[in-house]
Structure formats: structure tokens, C-alpha cells
There are 2 protein chains.
Amino acid sequence: MGLPDGFYVRRIEEKDFEQVTETLKVLTTVGTIAPESFGKLIKYWNEATVWDDNNDKKIMQYNAIVIVDKHTEKIAATGNIFIEKKIIHELGLCGHIEDIAVNSKYQGQGLGKLLIDELVTIGYGYGCYKIILDCDEKNVKFYEKCGFSNAGVEMQIRK
Amino acid sequence: MGLPDGFYVRRIEEKDFEQVTETLKVLTTVGTIAPESFGKLIKYWNEATVWDDNNDKKIMQYNAIVIVDKHTEKIAATGNIFIEKKIIHELGLCGHIEDIAVNSKYQGQGLGKLLIDELVTIGYGYGCYKIILDCDEKNVKFYEKCGFSNAGVEMQIRK
């Protein structure tokens, strides 16, 4: 299943600073970020790779993407899958989906599911044996529609 | 709170191959791993760093540690905290605690809590604004004793 006409997907770029930070505000606190620091973050995200024992593909540690409205170049949604290299599962790769946000103007068009599908495709493309994410109870049904199932409890600690 | 007499903590090393893989089997499938591949993984884990916008400390991406019995040099427990650099929370750092296992011979001595305390100390030392982990419902009480609280639902997808 691909994106509907009128949208395309690509990695986050430095020029997305204002739109991406705005989109993420629906999710949580973004705070004050200098544009130069954002640019350095994107550079780091573009350079960080995961060691691959099979040496057959370049695995990007962070895979932050945006879904873009072709007609207006507006960012409709953003999300990230970062890849963790483990010992278990024969030095397996685990994908962590993080920071999913759909711009309020673009909600109700199925873009959330398409975003998750894209991130899962990236993770499976690298050979992840599983892909996980944490969500609020109210979003469980949405992620079930995306093919996910309940796997446990998220616990957190904050300073 | 420190470790009880008779134990010390350090990063995982290449020489830990047999004991660590054995310890992790209480948790899940480990599978067949060549010792050379394990050595390469440890090298990768020791080299991977996270970009720090404040440039004031070296942040290791992976922080896999072992608790070692001083008298026998046996590995009693192992765990990892993986550091993720985000956009949200002012380019914040999130710590992901992964792959916690206590050797069955060393269970019931409070080492699990000490292991978690050590990993949390590492994460806070880097400045993580939060540290998360996923667990089975049956382990929620244990993590509450470690200072964690329920934050949501873990969802997963596997090929």
C-alpha cells in the first residue's frame, strides 16, 4: 500500500525545522531550539549508522521521515524509527518507532497509518526481527489496525 | 545506593561472550553467535557515540553493563541503556533500558534493582530527560520499586 496521490515521503531535512517542530507540538513539549542546532541534529541523524555483521546494507541508526503535501510542500506528518543492535536473537536488530505526529489539518485522512507502514517497511528492510513502540491506551486500536499487538507495559522515570 | 560487597559493575567486554549469552537465555532466544561476531558487536558498542549539542561530555550510544561476582568473576546480571537523541524536549535525550537479565543463581539478592539503579544513573549522568523500558505486567511492581511508573502500552509487530 502506498501513499495517496498528492503526498510523498522523504527523510527529514534541515529546511524542515519550523514545520517539523510545529508538527511535533501536537505530541509533547518541543521547547526552544536554535535552527543551527536543528541542522546539526539532522547532520548527526544522517551520519549515524548501525554496524551490520552481514555487511550487505547500510543501516541508518535514525530514520526520521516526513509525509509532504505535494501541492503546498506542507509537512502533514512525521515519525522516526531508530535501530538498536542487540545480542539476543543472533545479534538481532530491533526497531523503535518514536515521535509520531500528524498535523491537525491533515488528520482523518489515513496518513497516520501510512506513516507507520512506511516506518515498518524501513525497519523490515534492515532486517529487524521486531519493531516496537509505546502508546497511550487510547491509541491501541489504531496500532492494531497497523498490524501491531499488545506486548507489555511501558514504564518510565523522570528526574 | 551502591552495590553490596562482593560485586562490582563494569561495561560488557569481549571476554564476557559465553557468560553473557548464557545469562541472556533466561530472558529470550539468543541463538547461535560466533565469538568473533560478538567481539565486533562489543567494538561497535564501544565506538558508537551520540552527538551532544553542549559538547561537554562523551555520550555512549550503548551502555551494556555487567554485575560481576568478585570472588568467582562470574557474571551475575546484565543490562543495557541505549541513548536516543530526539527533537522534542529541546533536542532531548531519552534512555531506553533493554535486555535486563539476572543469572538464576544470583536471583533474590536485590541485584536486579541495583542493576536498574546503575543504568538510571548512567542515563541521568548523560542528561536524559526520561528513561523508559518495556516489561511484562508481572514485573510492574518490581519497576515501581525502582522508581518507575506506568507510562503506556508497548505494542509490537514481528515478521
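Residues numbered from 1 in each chain as written. Chains lettered and ligands numbered in written order. Predicted model: local features only at pLDDT ≥ 70, side-chain atom pairs only at ≥ 80, totals over all residues. Heavy atoms only, no water.

Under an unreviewed UniProt entry, the name given to chain A is Glucosamine 6-phosphate N-acetyltransferase, and the source organism is Saccharomyces mikatae IFO 1815. The UniProt entry for chain A carries the following comment under Catalytic activity (unreviewed entry): "D-glucosamine 6-phosphate + acetyl-CoA = N-acetyl-D-glucosamine 6-phosphate + CoA + H(+)". Per its UniProt entry, chain A bears the Pathway (unreviewed entry) comment "Nucleotide-sugar biosynthesis; UDP-N-acetyl-alpha-D-glucosamine biosynthesis; N-acetyl-alpha-D-glucosamine 1-phosphate from alpha-D-glucosamine 6-phosphate (route I): step 1/2." (UniProt positions renumbered as here; feature names shortened; annotations may be inferred.)

Novice: Which parts of the structure should I look at to understand the pattern of salt bridges?
Specialist: Oppositely charged side chains can pair when the atoms bearing their charge come close. By the definition in use, this model includes 22 salt bridges over all chains. The residue A:Asp53 makes a salt bridge to A:Lys85 at a minimum N-O spacing of 2.6 Å. One end of the pair, A:Asp53, is in the loop between strand E2 (49-50) and strand E3 (59-60); the other, A:Lys85, is in strand E5 (residues 75-85), with 32 residues separating them in the sequence. In this structure A:Asp53 comes out as partly exposed when scored by relative accessible area, which is 28%. Overall, the relative accessible area of 2% leaves A:Lys85 in the buried class. B:Lys138 serves as the salt-bridge partner of B:Asp136, at 3.1 Å between the closest nitrogen and oxygen. Overall, B:Asp136 belongs to the partly exposed group, its relative accessible area being 38%. Under the relative-accessibility criterion, B:Lys138 is labelled exposed at 68%. (Salt bridge = Lys/Arg side-chain N within 4 Å of Asp/Glu carboxyl O. Helix = DSSP H or I, 4+ residues; strand = E, 2+ residues; numbered from the N terminus. Buried < 20%, exposed > 50% of the residue type's maximum accessible area, 1.4 Å probe, protein only.)

Novice: Could you clarify how one ought to interpret the nonpolar core in this entry?
Specialist: The tendency in soluble globular proteins is for nonpolar side chains to be buried as a group. Counting 120 residues, the largest nonpolar core has A:Ile97, A:Phe148, B:Ile97 and B:Phe148 as the members making the most contacts within it. Once residues within four sequence positions are removed from consideration, B:Ile97 is found in contact with B:Asn80, B:Ile81, B:Ile116, B:Leu119, B:Val120, B:Ile131, B:Ile132, B:Leu133 and B:Phe148. (Core = buried A, V, L, I, M, F, W, Y, C linked by side-chain atoms within 4.5 Å. Contact = heavy atoms within 4.5 Å.)

Novice: For this particular structure, what's the right way to read the sheet that holds strand E8 (residues 149-158) of chain A?
Specialist: Each strand in a sheet pairs with its neighbour through backbone hydrogen bonds, running either in the same direction (parallel) or in the opposite one (antiparallel). Here we have 12 strands laid out as an open sheet, ordered E1(A)-E4(A)-E5(A)-E6(A)-E7(A)-E8(B)-E8(A)-E7(B)-E6(B)-E5(B)-E4(B)-E1(B), and mixed in their pairing. Each edge of the open sheet carries a strand with a single partner, namely strand E1 (7-11) of chain A together with strand E1 (7-11) of chain B. Sheet twist, expressed as the mean angle between neighbouring strand axes with direction ignored, is 25 degrees. As judged from the 7 bridges shared by E8(A) and strand E8 (residues 149-158) of chain B, these two strands associate in the antiparallel manner. Opposite A:Ser149, over in E8(B), you have B:Gln156 as the bridge partner. (Pairing = 2+ DSSP bridges. Axes fitted to C-alpha atoms, helices over the stretch in contact; angles between N-to-C directions.)

Novice: Hey, could you run me through the interface of chain B and chain A in this one?
Specialist: Interface size, as often reported, equals the accessible area lost upon joining of the parts. Each partner contributes residues to the interface: chain B has 63 residues there, and chain A has 63 residues. Both faces considered, chain B and chain A share a buried interface measuring about 6,000 Å² in area, 60% of it formed by carbon and sulfur atoms. Ranking the residues of chain B by area buried against chain A places B:Ile87, B:Met155 and B:Ile157 at the top, with a combined share of 15%. On the surface where chain B and chain A come into contact, there are 4 salt bridges. (Buried area = accessible area lost by both parts, 1.4 Å probe.)

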